[in-house]
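Below are the chains, spelled out letter by letter.
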Amino acid sequence: MAKKKWGMVVDTRRCIGCQACTVACKAENNVDLGVFKTHVRYYEIGTYPRVRRHFLSVLCNHCEHPPCVRVCPTKASYKREDGIVLVDYKKCIGCKACMAACPYGARFINPQLQVADKCTFCVHRVDAGIVPACVNTCIGGARIFGDLNDSQSEVRKLLSTLPATVLKPELGTHPQVFYIAVPETVHKEVLEEAMEEEEHELAPLR
Amino acid sequence: MNLPLYGEGMNLPWGDLRLVIDLFLGGLGVGAFVTAVISSYFGEKYEKVSKIGAYIAPIVTTLGLIILLTEFTQPYRAFYPFRFTHITSIISWGTYLQTLFVISALIFALLLASKKKGKLQGIVGAMGLLLAVLVGLYHGAFLSVNEARPLWNQGLIPVLFLVSALLSGLAFIVFLTSFGPQREGVLSSLGRVLLSLLLVETLLILVYLFSFYTSSAEDLLAIRLLTSGNLSLIFWLGLIGIGLILPCLIGVSSVFGRKILSLSTASSLISILVLIGVFLFKFLIITAAQRMPLLGL
């Protein structure tokens, strides 16, 4: 049997932005207040009166070439053979280099363990043969998880029938989380919105 | 800040001043050591300069490293990069480089203090010089490998950090020598080197800034964090005005123009301004790059 390579497809047409995945992840992984392993981001595109609100599920992209693993000085961040990027909590020195390196902002310092942490694709569940908590709970079926090497898996079928994109493809990280029906300008839209917030928020300093 | 809701605040890895202070002190140590070694080649006239630099270097570098340790969430695991060395990680290299640099700076200072001039001092000095340059480059290199952060992911960043390290170390020594009695010509030649380095740094910062305007849309947004964001006042007035243009003007006018200020006043003034400028440069680069919002969590 061919080696497994886990991946996820987020079909944003089916996402209603209910944050059920966020809550399921928090409950499953005991994620602290103020930090997230997954989250649904809202953003608006267009100008009035033609505006739309979109939802974008974000999580660790489990990149094929993960920058966080490359910069880790102690090999605490590593990539498993099946494609899941994990943190060895016992080796992490908390230098935060991986947080600076991740283009997706997926990492944070776990407030309890005081080491770098992130989405694990619910590795404990996957190894036991069940899907991640966020996939299990998604009410619209927007998150689909499976083996990218298996031609019969649902993720593979979706990717071979529908056009899918990844986030920030220009960085060459080759994410294993794919998005269906995300506008190509998503990066620019989210960035510009966030920059406006940033400039507005910090205005008093001027 | 609305950080819990959108999680942007959770991804400010080095959000406070500790890394800035560490890199500033580390750079100061590198610059002081380089000044000490190079001036030791110029004979007995520069002995005092050489000693000041050699004594300062290990102290400030160690101080910087201690402040860096507080940045780690698991400081007692700080030796792990030796145990689990990761060849692709610049920080892993940096752990070796900084340790070796502090050791050679310490040995060099002890050799100078014991007045044993000889082969050993030359070897340690030369080795330390190489390590100092590598550490200076490393201070920028570990930032510039992050392709996620446009303000850091520039080829010029390691060079800029090296030059500003040399600048700050030299400025600190010039500041200390500008008081009290001094040998004829020492301060003016140190001042000229400082001014030349300052002009190089100004040029490099200009090239760095302009390179963003020939780049992608994301880079254009990133540079706005410096030029028009909430950091713009510190950038324009602090770095460009007080840190670069003012000392350049004072320096150029006292070398080529009429001497309004005495040599020691001019050089102490320039060195303070340069130290402020280098600190602000490191602060701005480190802070602004982290304020760049990421797509994602």
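Residues numbered from 1 in each chain as written. Chains lettered and ligands numbered in written order. Predicted model: local features only at pLDDT ≥ 70, side-chain atom pairs only at ≥ 80, totals over all residues. Heavy atoms only, no water.

Examining the overall build of chain A
Within chain A, the regular secondary structure consists of seven helices and 10 strands. Compactness check: chain A gives a C-alpha radius of gyration of 17 Å against a globular reference of 17 Å for 206 residues, within 12% of the reference. When the backbone C-alpha atoms are referred to their principal axes, chain A occupies close to 55 × 45 × 35 Å. Taking all contacts inside chain A whose residues are at least 6 apart in sequence as the whole, residues at least 24 apart take part in 57%. Charge-centre separation for chain A: the mean point of 27 positive side chains lies 5 Å from the mean point of 23 negative side chains. (Helix = DSSP H or I, 4+ residues; strand = E, 2+ residues; numbered from the N terminus. Rg over C-alpha atoms; globule rule 2.2 N^0.38 Å. Contact = heavy atoms within 4.5 Å. Lys, Arg positive; Asp, Glu negative; His and termini not counted. Charge placed at Lys NZ, Arg CZ, Asp CG, Glu CD.)

A short note on the interface of chain B and chain A
Across the contact, 45 residues belong to chain B and 58 residues belong to chain A. Taking both sides of the interface into account, the surface hidden between chain B and chain A amounts to around 5,000 Å²; carbon and sulfur atoms contribute 59%. Here chain B is connected to chain A by two salt bridges. Its salt-bridge partner being Glu71(B), residue Lys96(A) comes within 2.7 Å of it at the nearest N-O pair. At the junction of chain B and chain A, the tally comes to 21 residue pairs in polar contact (both at pLDDT 80 or more). Listing elements by their share of the side of chain B that touches chain A, those giving two or more residues are helix H1 (3-6), helix H4 (80-83), helix H5 (90-113) and helix H9 (217-227) of chain B. Tallying contributions element by element places H9(B) first for the side of chain B that touches chain A, with four residues. The residue makeup of the side of chain B that touches chain A, split by class, is 22 nonpolar, 14 polar and nine charged. (Buried area = accessible area lost by both parts, 1.4 Å probe. Salt bridge = Lys/Arg side-chain N within 4 Å of Asp/Glu carboxyl O. Polar contact = N/O pair within 3.5 Å; in protein donor to acceptor, adjacent residues only side chain to side chain. Nonpolar A, V, L, I, M, F, W, Y, C, P; charged D, E, K, R; others polar.)

Details of the environment of Cys15(A)
Residue and element names in this part refer to chain A. For Cys15, the location among the structural elements is in the loop between strand S1 (6-11) and helix H1 (20-29). With 89 residues separating them along the chain, Cys15 and Tyr104 place their C-alpha atoms 20 Å apart. Apart from residues lying up to four places away in sequence, Cys15 is in contact with Val40, Phe55, Ser57 and Ala142.

Focus on the sheet that holds strand S9 (residues 164-165) of chain A
All names here are of chain A. Here four strands make up an open sheet; going across it, the order is S8-S1-S10-S9 and the pairing mixed. With partners counted over all chains shown, the strands left at the sheet margins are strand S8 (143-147) and S9, one partner each. Both S9 and strand S10 (residues 177-180) contribute to a ladder of two bridges, which runs antiparallel. The residue of S10 that forms the bridge with Thr165 is Tyr179. Strands in contact with helix H6 (residues 154-161) are S1, S8, S9 and S10; relative to S8, the strand with the most contacts, it is inclined by about 110°. (Pairing = 2+ DSSP bridges. Axes fitted to C-alpha atoms, helices over the stretch in contact; angles between N-to-C directions.)

Thoughts on the side chain of Glu147(B)
On the secondary structure map, Glu147(B) appears in the loop between helix H6 (119-144) and helix H7 (156-177). By relative accessible area, Glu147(B) is classed as buried at 17%. In this structure Glu147(B) touches Pro67(A), Arg70(A), Leu171(A) and Asn153(B), once residues within four positions along its chain are discounted. (Buried < 20%, exposed > 50% of the residue type's maximum accessible area, 1.4 Å probe, protein only.)

Here's the deal with the packing of helix H2 (residues 18-40) of chain B against helix H3 (residues 47-71) of chain B
Residue and element names in this part refer to chain B. Put simply, H2 and H3 touch, their axes get as near as 7 Å, and they point 160° apart. Here H2 is positioned roughly antiparallel relative to H3, judged by the angle of their axes. For H2 against H3, the interelement crossing comes out left-handed. A breakdown of the residues in the contact of H2 with H3 according to their chemical character gives 16 nonpolar, nine polar and three charged. (Parallel < 35°, antiparallel > 145°, perpendicular 65-115°, else oblique. Left-handed = near helix turned anticlockwise from the far one by under 90°.)

Observations concerning the pattern of salt bridges
Should their charged atoms come close, side chains of opposite charge can pair. Summed over the entire model, instances satisfying the criterion amount to 13 salt bridges over all chains. A salt bridge links Arg18(B) to Asp16(B); the nearest nitrogen and oxygen atoms lie 2.8 Å apart. Taking the relative accessible area as the measure of exposure, Arg18(B) reaches 28% and is therefore partly exposed. For Asp16(B), a relative accessible area of 35% translates into the label partly exposed. Linked through salt bridges whose partners overlap, the residues forming this network are Lys96(A), Asp16(B), Arg18(B) and Glu71(B).

So, the packing of H3(B) against H7(B)
Residue and element names in this part refer to chain B. Direction vectors running N to C along H3 and H7 enclose 125°, while the axes themselves pass 10 Å from each other. With respect to H7, the element H3 is oriented oblique. For the pair H3 and H7, the sense of crossing is right-handed. Contacts between H3 and H7 involve Val49, Ile52, Gly53 and Ile56 from the former and Phe172, Ile173, Leu176 and Thr177 from the latter. Split by residue class, the contact of H3 with H7 holds six nonpolar, two polar and no charged.

Description of the environment of Pro158(B)
All names here are of chain B. Tracing the sequence through the fold places Pro158 in helix H7. For Pro158, a relative accessible area of 13% gives the class buried. Residues Pro158 and Gly140, spaced 18 residues apart in sequence, show a C-alpha to C-alpha distance of 3.9 Å.

Some remarks on the pairing of S1(A)
Residues and elements named next belong to chain A. Across the six residues of S1, six count as buried, placing the element largely inside the fold. Burial of the side chains of S1 extends over both faces: Trp6, Met8 and Val10 are buried on one face and Gly7, Val9 and Asp11 on the other. Direction of pairing for S1 relative to S8: antiparallel, over a ladder of five bridges. By the bridge assignment, Val10 is partnered in S8 with Arg143. By the bridge criterion, four bridges tie S1 to S10 in an arrangement that is parallel.

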